[in-house]
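Observations on the model geometry
Below, each chain spelled out in residue letters.
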Amino acid sequence: MKKFPDFIPPTKVDYLDRGATLHLRRCLLTAVDDPRQEWSFDKEEIRIGSMDDNDIVLRDDTVSRYHCRIVQDDTGYVLMDQRSTNGTFVNKVRVREAFLKPGCTISVGQSQLRFNAREEEVQIVPSRADRCGHLIGGNARMREIYSIIEKIAPTATTVVIDGETGTGKEVVAQTIHSLSPRQKGELVVFDCGAVPPNLIESELFGHEKGSFTGAMMSRQGLFELADGGTLFLDELGELPIDLQPKLLRVLEQREVRRVGGAKPIKVDVRIVAATNRNLEDEVRAGRFRQDLFYRLSVVRLNLPSLRERTDDIPLLVSHFLANGNYNKGPNGVPKIRGFERDALLALQNYPWPGNVRELVNVVERAISFCDGDTVHAHDLPDYIRSAKPNARPESVRPKSHGVSAQPGALASMMNPGEPAPKPPDELLAEGVTFKDAKERWIASFERDYVNSLLRRHNGNISHSARDADIDRKYFRKLMRKYDIEAAGAAGDDDDE
């Protein structure tokens, strides 16, 4: 008889030189009376009973309709009786809930099943599809991630998603949840970096009335709200180190204790976490607990940046045009049909430090600036159009922001050898957000640039637009935007 190990490690992914490999934990159940009857599962929950919608259907009058279930957690398999009429037994001992050891016998009514588990190594083959759930992209790296998600979504495995800001980590969490048995439960999202540290514990674990100043009533935490579903912890690396042991305790014991509460509350929650930090570096620096790191790092998905999969940009743009509300007219018909080749080429040349999130913003901006039903390169921001193929973010960003309203800034921009100009002090003042500062700085540049070209060409709009290498209509739009009048516009015969 084949000997099974006493402990089967949870499902995990290893990234090796030969590619990603999935170590899949499987549950095996064999009928004791007929060993030819065998069931194999890699899913999170296995239901046993006499009804046809169970995973294992036993035609036995002593078996209840929904007799019991076997649930996979990170430490093994747990058998739970579902208030059956005749009870559930493990090695002849009646149980309500019990951990299963490989080789044990489960008695369900008059039927007996032998439980075993094993680890199966699966080489990940990229999916043939160009999308998975809410994820879009036909790049090989993305299709490999699709295959992993399809394998791990039905399990209870904890997942950590690594990737730069804007790569779509929350979309991955949504996809895992929607493909899991928990899809009917809630997907609760918590951003660890968006809540003041002194409120995080109350947000996650809840609190009792009077437990602190302002606690006027008892309140459920996010773990309780996500019971039966999935809790997505975004920016996990921002979690204060003094709260990390409490999170570890919840993951290990599957119960929470509210702030000011004495009674632990059982929760059934799957954890999906995301971070744009390198957690190994955080552990070495003492900012992240090593035990929590190992407890979470069961399956880790590494999302590629957009500059690593620029071949997906046309597909992403098509999706945004078809589904974005910003591209819908009053009657619901899309305002923009598509992007011309020159516009797509410019998008693929840009290094995208903000990843897919930045691409969405650029597409929305281009739609608002486009006069026709097709976006051309001149409808894109200047810093996008000026990007060179394979340019790194460091070499591109100074071009996109290296201008200001300061005297001599335009001349500095025209001479690449000059140092990049410093933003005016008012843009660096306290309370000015990055977005506002950037927009005001770019607006100052556009106004100075248009005025400079018009002066150089004595107010001739056609010559100015040609010198700038942008469409004449777009040049006029910039003039209207900044209320600029050209002295020679009336005599600009070839402009009309």
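What counts, and at which threshold
- Residues numbered from 1 in each chain as written.
- Predicted model: local features only at pLDDT ≥ 70, side-chain atom pairs only at ≥ 80, totals over all residues.
- Heavy atoms only, no water.
- Helix = DSSP H or I, 4+ residues; strand = E, 2+ residues; numbered from the N terminus.
- Buried < 20%, exposed > 50% of the residue type's maximum accessible area, 1.4 Å probe, protein only.
- Areas by Shrake-Rupley, 256 points an atom, 1.4 Å probe, with all protein chains shown as cover.
- Core = buried A, V, L, I, M, F, W, Y, C linked by side-chain atoms within 4.5 Å.
- Contact = heavy atoms within 4.5 Å.
- Phe/Tyr/Trp six-rings, centres within 6.5 Å; stacked < 30°, edge-to-face > 60°.
- Lys NZ or Arg CZ within 6 Å of the ring centre and 35° of its normal.
- pLDDT = per-residue confidence, 0-100.
- Polar contact = N/O pair within 3.5 Å; in protein donor to acceptor, adjacent residues only side chain to side chain.
- Pairing = 2+ DSSP bridges.
- Axes fitted to C-alpha atoms, helices over the stretch in contact; angles between N-to-C directions.
- Left-handed = near helix turned anticlockwise from the far one by under 90°.
- Nonpolar A, V, L, I, M, F, W, Y, C, P; charged D, E, K, R; others polar.
- Salt bridge = Lys/Arg side-chain N within 4 Å of Asp/Glu carboxyl O.

**Here we look at the overall build of the protein chain**
Along its length, the protein chain carries 16 helices and 23 strands. Across the 496 residues of the protein chain, 49% fall into the buried class. Summing over all exposed atoms, the protein chain offers an accessible surface of approximately 25,500 Å²; the carbon and sulfur share of this is 48%.

**A word on the nonpolar core**
One recurring pattern in soluble globular proteins is that nonpolar side chains are buried together. Leu-204, Phe-223, Leu-231 and Leu-233 are the most contacted members of the largest nonpolar core, which totals 30 residues. Contributions of two or more residues to this core are made by strand E16 (187-191), helix H3 (197-205), helix H4 (222-225), strand E17 (230-234), helix H5 (244-253), strand E20 (270-275), helix H6 (279-284) and helix H7 (290-296). The dominant element in this core, judged by the number of residues it contributes, is H5, at four residues. When residues no more than four places from it in sequence are discounted, the contact partners of Leu-204 are Phe-190, Gly-221, Leu-222, Phe-223, Leu-231 and Leu-233.

**Some words on the packing of aromatic side chains**
Overall, the coordinates contain five aromatic pairs when judged by the stated rule. Pairing Phe-445 with Tyr-449 gives two aromatic rings, centres 5.4 Å apart and planes at 45 degrees, and the pair type is tilted. Taken together, the residues span about one helical turn, with Phe-445 and Tyr-449 both in helix H14 (residues 434-456) at a distance of four residues. Tyr-449 carries the same exposure label as Phe-445, and that label is buried. An aromatic cluster of three or more residues is present, and its members are Tyr-350, Trp-352 and Tyr-383. Sitting above the plane of the Phe-369 ring, Arg-365 keeps its charged end 4.3 Å from the centroid.

**With respect to the confidence of the model for the protein chain**
When pLDDT drops low, the exact placement of atoms in the prediction is not to be read closely. With 85% of its residues at a pLDDT of 70 or more, the protein chain shows a mean pLDDT of 82. Segment residues 1-5 is flagged for pLDDT under 50; beyond a separation of four residues in sequence, or across chains, it makes seven contacts in the model. Throughout residues 391-419 the model reports pLDDT below 50, and contacts reaching past four residues in sequence, or to other chains, amount to 54 contacts.

**Notes on the side chain of Asp-312**
One can find Asp-312 in the loop between strand E21 (299-302) and helix H8 (313-323). There is a polar contact of 2.7 Å between the side chain of Asp-312 and the backbone nitrogen of Gly-138. Apart from the residues within four sequence positions on either side, Asp-312 is in contact with Gly-137, Gly-138, Asn-139 and Met-142.

**Here we look at the environment of Leu-453**
Mapped onto the elements of the fold, Leu-453 is located in helix H14. Measuring from C-alpha to C-alpha, the distance between Leu-453 and Asp-467 comes to 7.8 Å, with 14 residues separating the pair along the chain. Those residues in contact with Leu-453 that sit more than four places away from it in its chain are Ser-464, Asp-467, Ala-468 and Phe-475.

**Considerations on the sheet that holds E20**
The five strands lie next to each other as E16-E17-E20-E15-E21, forming an open sheet whose pairing is parallel. Single-partner strands in this sheet number two, and they are E16 and E21. Along the sheet, successive strands turn relative to each other by an average axial angle of 20 degrees, direction set aside. Where E17 lies against E20, four bridges are found, and the strand directions are parallel. Residue pairing across strands places Phe-232 opposite Val-272, the latter belonging to E20.

**Re the sheet that holds strand E10 (residues 97-99)**
The five strands lie next to each other as E5-E4-E6-E7-E10, forming an open sheet whose pairing is mixed. Sheet topology places strand E5 (56-57) and E10 at the edges, where each strand pairs with a single neighbour. Direction of pairing for strand E4 (residues 45-49) relative to strand E6 (residues 68-73): antiparallel, over a ladder of four bridges. Looking at E6, one finds that Glu-45 is bridged to Val-71.

**Focus on unusual backbone geometry**
Although it is not a glycine, Arg-83 adopts a positive phi angle of roughly 55 degrees. One can find Arg-83 in the loop between strand E7 (76-81) and strand E8 (88-90). With phi around 50 degrees, Glu-235 is a residue other than glycine that occupies positive phi space. For Glu-235, a relative accessible area of 16% corresponds to the buried category.

**Focus on the packing of H8 against helix H9 (residues 341-349)**
Packing of H8 against H9 leaves a shortest axis separation of 10 Å and a crossing angle of 115 degrees. Remark: the crossing between H8 and H9 carries right-handed chirality. When H8 is examined against H9, the residues Ile-313, Pro-314 and Val-317 are found in contact with a partner set consisting of Leu-344, Leu-347 and Gln-348. Its residues assigned to classes, the contact of H8 with H9 shows five nonpolar, one polar and no charged.

**Digging into the pattern of salt bridges**
Throughout the structure, instances matching the rule amount to 23 salt bridges. For Asp-52, the salt bridge identified is with Arg-59, shortest N-O distance 2.6 Å. Look at Asp-52 and you get exposed, because its relative accessible area is 59%. Arg-59 gets classed as exposed once you look at its relative accessible area, which sits at 67%. Among the ionic contacts, a cluster of salt bridges with common partners joins Glu-238, Arg-277, Glu-282 and Arg-287.

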